[in-house]
Structures are given as C-alpha cells and as structure tokens.
Amino acid sequence: MPITGHDTLKTRKTLDVGGKSYDYFSIRAAEAEIGAVAALPRSLKVLLENLLRYEDGRTVKVDDVKAMAGWLKDKRSSHEIAYRPARVLMQDFTGVPAVVDLAAMRDAMTAMGGDPQKINPLSTCNLVIDHSVMVDASGTATAMRTNIEKEFERNGERYTFLKWGQTAFDNFTVVPPGTGICHQVNLEYLAQTVWTQEEGGKTIAMPDTLVGTDSHTTMVNGLAVLGWGVGGIEAEAAMLGQPVSMIIPEVVGFKLTGTMKEGATATDLVLRVVEMLRKKGVVGKFVEFYGDGLDHLTLADRATIANMAPEYGATCGFFPIDDETLNYLRFTGRDEDRVALVEAYAKEQGLWRDGSEPAFTDVLELDISTVEPALAGPKRPQDRVNLSDAASAFKKHLAEVRGVDPIGEEGRFADESPAAADAEEDLRRGVRVEGANYCLRHGDVAIAAITSCTNTSNPSVLVAAGLLARNAKAKGLSVKPWVKTSLAPGSQVVADYLEKAGLQDDLDALGFQIVGFGCTTCIGNSGPLDPAITAAIQKGDLIVAGVLSGNRNFEGRIHPHVQANYLASPPLVVAYALAGSMNVDLLKDAIGEDADGNKVMLADIWPTNKEIAETIRQCLSREMFVERYGDVYRGPDEWQAIATSGGGTYAWDDSSTYVQNPPYFQDMGAEPTDPVDVVGARPLLILGDSVTTDHISPAGAIKKDSPAGEYLLGYQVRPEDFNSYGSRRGNHEVMMRGTFANIRIRNEMVPGVEGGITRYMPAGEQMPVYDAAMKYAEDDVPLIVIGGKEYGTGSSRDWAAKGTRLLGVRAVVVESFERIHRSNLVGMGVLPLQFTDGQSRETLKLDGTETFDIKGIADGLKPRQDLTMTIHRADGSSEDVQVLCRIDTLDELDYYRHGGILHYVLRQLAAA
C-alpha cells in the first residue's frame, strides 16, 4: 500500500541523521499553508503528519489538513478524517477470528470470480499468541511445563491454522506461544517510536502508529507510539488498506507534578488516574500527559498509565518523546541508528517534550506525591479504594449484596434487623473445607495472581513483589492454604531479572512460581480452584475474593466462583496472599506471625524505594532484551513441531470445533442491497447500565449445560476438553451460542434471573438467549437489543458485535455507547441507535412484551440522523420516540449499506 500521497502542500523534506537520509512530511513546512500548529497537542501532530503524508485528494483532502489547524480555535472539531496507522497488532483470541475472516474472504473472492491473492494484509501485521495459556497448575515447580503441555493439547487446531496464515499471507508474522504478552512484546521489541518504510527507492520516516485488536494496545502510548484498540473487524479493514474514520478528537491534558512518595507504586498511581478520568468523562477523547512529574516516571511507569486508557475510558493515554523514551529504546535493544532518528525526528517535528504546554480541550492536574496505596474493586477498575479503607469497603460490599444497610463507624452493620444480624454472622461463620483443617469465610482471598501486561512490564513493582516475598520468607510467613497463587510474566526478560536477583526463589517459596508467559487471570484464564474450595464456596454461598495485578475485574470475568475481585500492585497481591482475607486491614492488623509467634505487620516486610531501585540496577541489563528477542519467531519445540499444509486458500475441516468458515459472505452479490426499515422487531434482551463486552461476548469457561456445551458434546468433545470461549473464537457456531450467555448478565425481561436467559414472545417462555434467537429466526422475526448507559464498555471484543449480528439482531438501542463497540456494531451491519430527550428503557417502562418499528432507514440514512422508533405495546397502544442513529461518519454509512465493513472491502477489492 502506498504510504505517500500527492503532497499538494509541498511538505516532503529530507532529514539527515548519522549519515543516512530520510524523507519526511514536515509539520513546520505545512504552517505556511494551514496556519500555526505548534500549539497542537503532540498526539494531534501525529494525526496531522498522517494526513500530510496520505493526502490524495480523495480520502484525504487539503481541507482535512487545514481542519487540524482549525482545531486550535475551539480545541475541538466535528471534522471527520481518514487515519491510516502504520501497522496492526493482534493477540490470538482476537487474531484467530480475524485470520478466519481473511481466509473466508479469499474463498468469497474466488466465488465472485476474483483473485484471492488480493486478500492480503497491506500494512504490517504482528500477531502474538498470548491469550491461550491457562493456570491449570500453579504453586509447584512443574506448573509451567504442565500448563504448556495443556495449552498445546487444547489449541493444536488453532495453532496449525495460525501457522498456515503466517505462510499464506504476506506482511503477516506470528510471535509463538510462550514469548510474552502482546503489549509487552510490542513495548519491548516491536515498537520503534519512529517508523520507517521503503517506497520508490526512498526511506520514509514517520511516527510509529498502530491499531490493535485488544483494548490495551494503548500501553505503547507510554513509548510515544499513538495506538489504540479497535475491533477485529476494523483492524482487518486497516490491514486491507482501509482508513480508520474518526472525528478529530478532543484532547484532555493531564498535568503530573511532584514525585511518588515512599511505599506508593505505579499501580497506585494509575488507579488514581483511572478514578479521576472516569469522573471527568473522557470517552472518545485523547488524553495526553505532560508536566514536570514526567521527569520522575520511568518509561515502564508511563506504560502502566497508558495501558489502562480503556479503564479511564479514553481512546489513548499519550506520553511525548523525551530523554526517557530514548533511554528505554536503547536499553531494550533497539539499535543506535533508530534511537538517533527518534531524537532528530521528534525535535524537527515538534514532537519532543521541551517544557512547553500544548493547547488542550480541558486540563486535569495531579500531584503524584499525594497518591496513596490502593486497590480497585470489587467489580470495576475505576472503583478505587485506599488500602486503609479496603477492609471496611469489602464489608460494605457484603452488606449491599446481603441487602442490609451499610456499616457504621464501629464497623458493624448500621441497622439491627435480623438480616443485619445474619450478615454479621456471615463474616464470622465459616464453611469447613473438606479434607482440610480450616474453614472458608466471606472475604477470603481465593486467587492471588501477579498477572497482566499492566504491571508485569514494570520492573519496579515486580521487584517490589519479589523483595516483599523475600522479607516475608525471612520472617517465616507463608501464604494461606486456600489461596491459589500464580505469576505470569508478560515477557521472558522478567524471568531473567527475577532469577538474577535471586527473587524468583523467594517468590517460589510462597507459591508464586511462573505458570506461563501470557495473559492468564486478568482475562479469565485463571484455571480451576481446588474442588474442595469450590464446594465450600457453593455450600456457603460465599463471596470470596481475587486480588490480581491486572486491569479488568468485571463481574464473571476472573473466575465464576470468585465474585469480588480487586486490582492491586504485585507486592499487594503477595501481601493479600499472606493475609488470606479482604477483612484483614493491612495497615492496622498483623499480616501473620513469625516463628516465635510475634506479630508481623505489612510495614515490617515492605521494601523501600531505594532497595527496589538498587535491585533493578543490579539485575536488569540490555543484554537480556537483546538475547530474548534475538530469535523471537522461533518458539518452543512444540510450536516448531506443528506441520501445516500450504496453499493460498484454507482447507476447512468440517469436523473442526475450533476453526470454521463463517457465513458472513454466503450468497453475497457484487452490489449491495439497499437497507430496509425494521418492522415488527422483538427485544432479545433489555439490559441495564455498564453492560460490558464481557457480558455480551462469549468469554471464560464453557458450561456443559449451555447451548455451546451441548454443541461441543454433539461433536464428542469431553467437558474437560471444552477449553474457553476465547480459544474457540474461530468457530462461529460456538461463539454465537455463547453470545449474551455471561453468568452475571441481567436481562430485565426475566427479573431476578442471572445469566443468558430471555423470554420468547409472545408466549413468554423462558429459555437461553441463543435458543430464543433461533426460534425468532424460524419465525422470520427481526430482533433488537435495548440497553442503558455505557453499553459495550470494556475490551474490544469483535465477537460482541459478530455474535449480535449472527443472532439476528438488526439494531441496538441504548442511552450511550462505548466507542469501540459502537464502531464494531456498524462494522457488522448492526444499526446503533441512541435514546434522546432523556428517554430510556425505564422512562418508557419497557418490559419485553412490546414490538418495535424503526422507520427512516429505507429512505436513505445520513450520519447521526434522527429516526422514529414506534413502540407497540401488548395492550394495543403505541408510542413514537425519536432515536439518534449513531452511524457517525460517511465511511461508516458505506459499511452499513454494504452489510458490514468486510463486505465493503471485499466488493472494493473485487472491482479493482
């Protein structure tokens, strides 16, 4: 794909660095034509360069470039631009269905009489296999070997398919399992900060930019790489040369001042940032960090903050280029020529952090010296609670779950009702664990996991965890026997420096052996609890806790039997494993006793900032990165042993339960059919606020008695071999059966019932969502889904949109959408609609007995058009309400008209 356009504004210049010449598109040179842009946020300057380079008079016009300068007038814009990132990053959960779609597009191209080789990534695409390892075994020296063996046993079909894709598609690489987490591999190896590409015998220099099929692609913003998560559908289009359509975003400046105080970690800082930005409201906006506080943050600290942009709701959390950026690039093994180019290019283009304050839409400020140790939970990343309040906060949560008044100042429940007395007794009463000499109680920590790219990329918090483990071991402390412990680094380099420091032995002694290199507990790959523990939880209906160094703790995500989950720094994960309960106040209560029976407090074993920094200096080296990434595509023996068949099109296996040819392109014609109005639709579900993509998209374990489980049983798959939904994302038959099947989803059509259940109307029969959808399909009844605020928040799960489409849902009508999911719905040909004028499912008193007509679609849609939705009630009355069509851009309108973005791309390529 060409990476340069017409250059009408004559901004193409040459930059000489270290005896090498690079062509680049000068932001300074553009000012003569478009006006001063020096005050633009640096993240917007990256977008501006992209427009200058791709200006072709068609997808990018000079007016688009001028609109970037115009942004400065009001610090916002309604102007739509076409943005083309340099590359695409995938992980295997989202990557497998993307490669499945590409393979299906090749078949469809053949069926249309075209050349299947036209279906090929045009932008660099890196897929990192990191989401398939599960914590089946933990707490033993052989845990990692056991987990690797099980991973390859379960995922042989998927891995064979991905290996085929690596050979079949150009510009597509696969980083094998066991290497690390995609975002950490991106940060430590793939990202370059300034990207280069050859075209016409010239080397073009440009900002490194990407989109990724995982929300936490934003982690690389810490390295001044502009990138964010998109759905797999949108990523596939980017791979195939289609631009990302977007409105020039508002940019919120976040000023950091001061220095971190003793005992506070980068995790504590990011939880504070998440809380502040969620309260501010930054959905759909860029956040850019600046201020003197950056002088005291390592690159890894910045990456921790950038990683959690999805949790604070922003499109990205961008950090500018400075000396720390160069130090990190150099230390992690990038060559000196690249480091020199990054410095020279950043200073020439106004991307260097020089102390000046850009113009922002709005500004927040945080003195980082005020940050306190904290956790976030028990259900959302933004629900921060200071460590000093954690024990009382859990008790308050238990009170709410048990339906009694919150606790008072004495730590007791405020009312004196029988329910309150029962709740007090709940805290004291335990359930005997069969075969053990202890009881399990509410608030006991069942899972303590050092996991997730958010923190395992940061040596300071991992070394802190290791030092705390060393100090605890020296005091004779041990982890409580009911706690499942695990350590899953995001990079093999982590294992190297923990070993060199001697800290892995100390972590091992507490049960934090390495269980694998990849995403585990944070995405629900926490593996099984001890059966006796599970039995006790179920017997006592216990609310037990998970403490993890992750970025997500939504309901039902971490483990089906662990309802209260808290995000915390790695050293706090170790501390809670030692304490064993959320009811222990770690700042006031003893964490355990030493060999002489003396109480040990957390302060007695917490390492100092000086100890942490000195240990990192001694144990971490540049050579570790160079060696580990020197042969990154080789993979373990199990990967090398996988044999694949060649060929440009995939030989689908009808008996496969992992990879199937999806039905999206069946009977697809060369021209699209015009969209039609929705008439007589039934609601498949009516949902509340903050419904996440975890609630919608299949995730976690597959239950035996679920529609997906019954499907697999029909293929003679044993329940113990079901694997997770994530691992079967390449099979639409499994995934559509698991859509809206989360065990914690609450469909208001069936009050008091949790899980993927609905009512099939008009009979009113309760049944699984999938079963009802299939019956509606037999009756030729269109479907809609109704929801509340922040619909689709969370991970960029493309199956949340794909499953919705395959279930026959024509439109989703909610109060507000999260950015990525709205885009994905459009990309799958599902109409996103938004209530207006303060109306909602509640004000309209919808209960699921209604039918709905949505008129105005067939008349010719326009972006953000008002449509009329007619509600026909069971009593024969009807009511018209206005809804806003959330197809936001003309490109999105084209995608919808064609039935989805892939259909649009396929027809464009076939006609080329």
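Anything mentioned here points back to the structure above.
Worth saying up front: this structure is predicted, and the values here are computed from it rather than measured.

A. Inspection of the overall build of the protein at higher detail. Helix and strand counts for the protein stand at 33 helices and 34 strands. For 912 residues, the compact-globule formula gives about 29 Å, and the C-alpha radius of gyration of the protein, at 27 Å, lands near that figure. C-alpha atoms of the protein, sized along the principal axes, occupy 80 × 75 × 55 Å. Within the span of the protein, comprising 912 residues, buried residues form 62% of the whole. A separation threshold of at least 6 residues defines the contact pool for the protein, and within that pool the share at least 24 residues apart is 75%. Carbon together with sulfur atoms contributes 46% to the accessible area of the protein, which is approximately 31800 Å² in total. Seen as two clouds, the 91 positive and the 126 negative side-chain charges of the protein have centres 1 Å apart.

B. Here's a closer look at the sheet that holds strand β30 (residues 809-814). Taken in spatial order, the seven strands of this closed barrel run β26-β29-β30-β31-β34-β33-β32, and their pairing is mixed. Ignoring strand direction, the axes of neighbouring strands in this sheet form an average angle of 40°. Docked against the sheet, helix α29 (residues 769-778) engages β26 (678-686) and β29 (783-786), running at close to 170° with respect to β26.

C. Region of interest: the sheet that holds strand β5 (residues 124-128). Reading across from one edge, β6-β5-β4-β9-β10 is the order of the five strands in this open sheet, with parallel pairing throughout. Lying at the two open borders of the sheet, with one neighbouring strand each, are β6 (172-175) and β10 (226-229). When strand polarity is set aside, the average angle formed by the axes of neighbouring strands in this sheet is 20°. Where β5 and β6 come together, four bridges link them in parallel fashion. Pairing of Asn126 across the sheet is with Thr173, part of β6. Here helix α4 (residues 92-111) sits on the sheet in contact with β4 (87-91), β5 and β6, set at roughly 115° to β4.

D. Just the packing of helix α30 (residues 799-806) against helix α31 (residues 819-827), in detail. Where α30 meets α31, the axes come as close as 8 Å, and the angle between the chain directions of the two elements is 40°. Taken together, the axes of α30 and α31 are oblique relative to one another. Taken as a pair, α30 and α31 cross one another with a handedness that is right-handed. Residue-level inspection shows Ala800, Ala801 and Thr804 of α30 in contact with α31, the latter providing His821, Asn824 and Leu825. The class makeup of the residues in the contact of α30 with α31 is three nonpolar, three polar and no charged.

E. Representation of the nonpolar core in the model. Ranked by size, the top nonpolar core spans 278 residues in total, and within it Phe512 and Leu684 carry the most contacts. The greatest single-element share of this core, amounting to 11 residues, is contributed by α4. The contacts of Phe512, once residues within four sequence positions are left out, are Ala448, Ile450, Val479, Thr485, Ser486, Leu487, Gln504, Leu507, Val573, Val574 and Ala577. Ala681, Leu831, Ile871 and Ile887 belong to the second-largest nonpolar core, a separate cluster that totals 27 residues.

F. The arrangement of the side chain of Ser656 in detail. With respect to the secondary-structure elements, Ser656 resides in the loop between α25 (637-640) and β26. Side-chain polar atoms of Ser656 contact the backbone nitrogen of Val659, separated by 3.0 Å. Among residues more than four places away in sequence, those in contact with Ser656 are Glu157 and Asn731.

G. Spatial organisation of unusual backbone geometry. Going from Gly377 to Pro378, the amide bond is cis rather than trans, its omega being 10°. Relative to the helices and strands, Pro378 is located in the loop between β16 (374-376) and β17 (384-386). With an omega of 10°, the peptide bond running from Met761 to Pro762 counts as cis. Mapped onto the fold, Pro762 is located in the loop between β27 (757-760) and β28 (765-768). Residues other than glycine seldom take positive phi values, yet Asn723 does so here, at roughly 65°. With respect to the helices and strands, the residue Asn723 is situated in the loop between α27 (707-714) and α28 (732-738).

H. Structural context of the pattern of salt bridges. By the definition in use, this model includes 48 salt bridges. Ionic pairing is found between Asp496 and Arg628, a salt bridge with its closest N-O pair at 2.8 Å. You can see Asp496 sitting in helix α18 (residues 492-500) and its partner Arg628 sitting in helix α24 (residues 622-628), a full 132 residues away along the chain. Taking the shortest distance from any N to any O, the salt bridge between Arg617 and Glu614 comes out at 2.6 Å.

Rules and cut-offs
Counting starts from 1 at the beginning of each chain's written sequence and moves along it residue by residue. At least 70 in pLDDT is required for a residue's local features to be given in this predicted model, at least 80 for side-chain atom pairs to be given and counted, and no such filter applies to totals for whole chains, interfaces and linings, which use all residues. Heavy atoms throughout the structure, all of them, feed into the side-chain values; hydrogens and water do not. Per the convention used, a helix needs a DSSP run of H or I reaching at least four residues, while a strand needs a run of E reaching at least two, with both numbered from the N terminus. Only C-alpha atoms enter the radius of gyration; for comparison, a globular chain is expected to reach 2.2 Å times N to the power 0.38, where N is the number of residues. Partly exposed describes any residue whose relative accessible area lies between the buried limit of under 20% and the exposed limit of over 50%, with all areas from a 1.4 Å probe on protein chains only and scaled to the type maximum. Here, residues are in contact when the closest pair of their heavy atoms is within 4.5 Å. To be clear on the numbers: accessible area is Shrake-Rupley with a 1.4 Å probe, and residue cover counts the displayed protein chains and nothing else. We count Lys and Arg on the positive side and Asp and Glu on the negative side, and we leave His and both chain ends out. In plain terms, the charge of a residue is placed at NZ if it is Lys, CZ if Arg, CG if Asp and CD if Glu. Strands pair, by our definition, only if DSSP identifies at least two bridges between them. Structural elements are reduced to axes, namely lines fitted to C-alpha atoms, with helices fitted over the stretch in contact, and the angle between N-to-C directions of any two is expressed from 0 to 180 degrees. We call two directions roughly parallel when the angle between them is under 35 degrees, roughly antiparallel when it is over 145, roughly perpendicular when it lies between 65 and 115, and oblique otherwise. Crossing handedness: left-handed means the near helix sits turned counterclockwise from the far one by under a right angle, and right-handed means the same turn made clockwise. Polar here means any residue other than Ala, Val, Leu, Ile, Met, Phe, Trp, Tyr, Cys and Pro, which are nonpolar, and Asp, Glu, Lys and Arg, which are charged; Gly is therefore polar. Among buried residues, those of type Ala, Val, Leu, Ile, Met, Phe, Trp, Tyr and Cys that are joined through side-chain atoms within 4.5 Å constitute a nonpolar core. A 3.5 Å cut-off defines polar contacts: any pair of N or O atoms within that distance qualifies, except that in protein one atom must be a possible hydrogen donor and the other a possible acceptor, and neighbouring residues in sequence count only when both atoms are side-chain atoms. The salt bridge definition used is simple: a Lys or Arg side-chain nitrogen within 4 Å of an Asp or Glu carboxyl oxygen.

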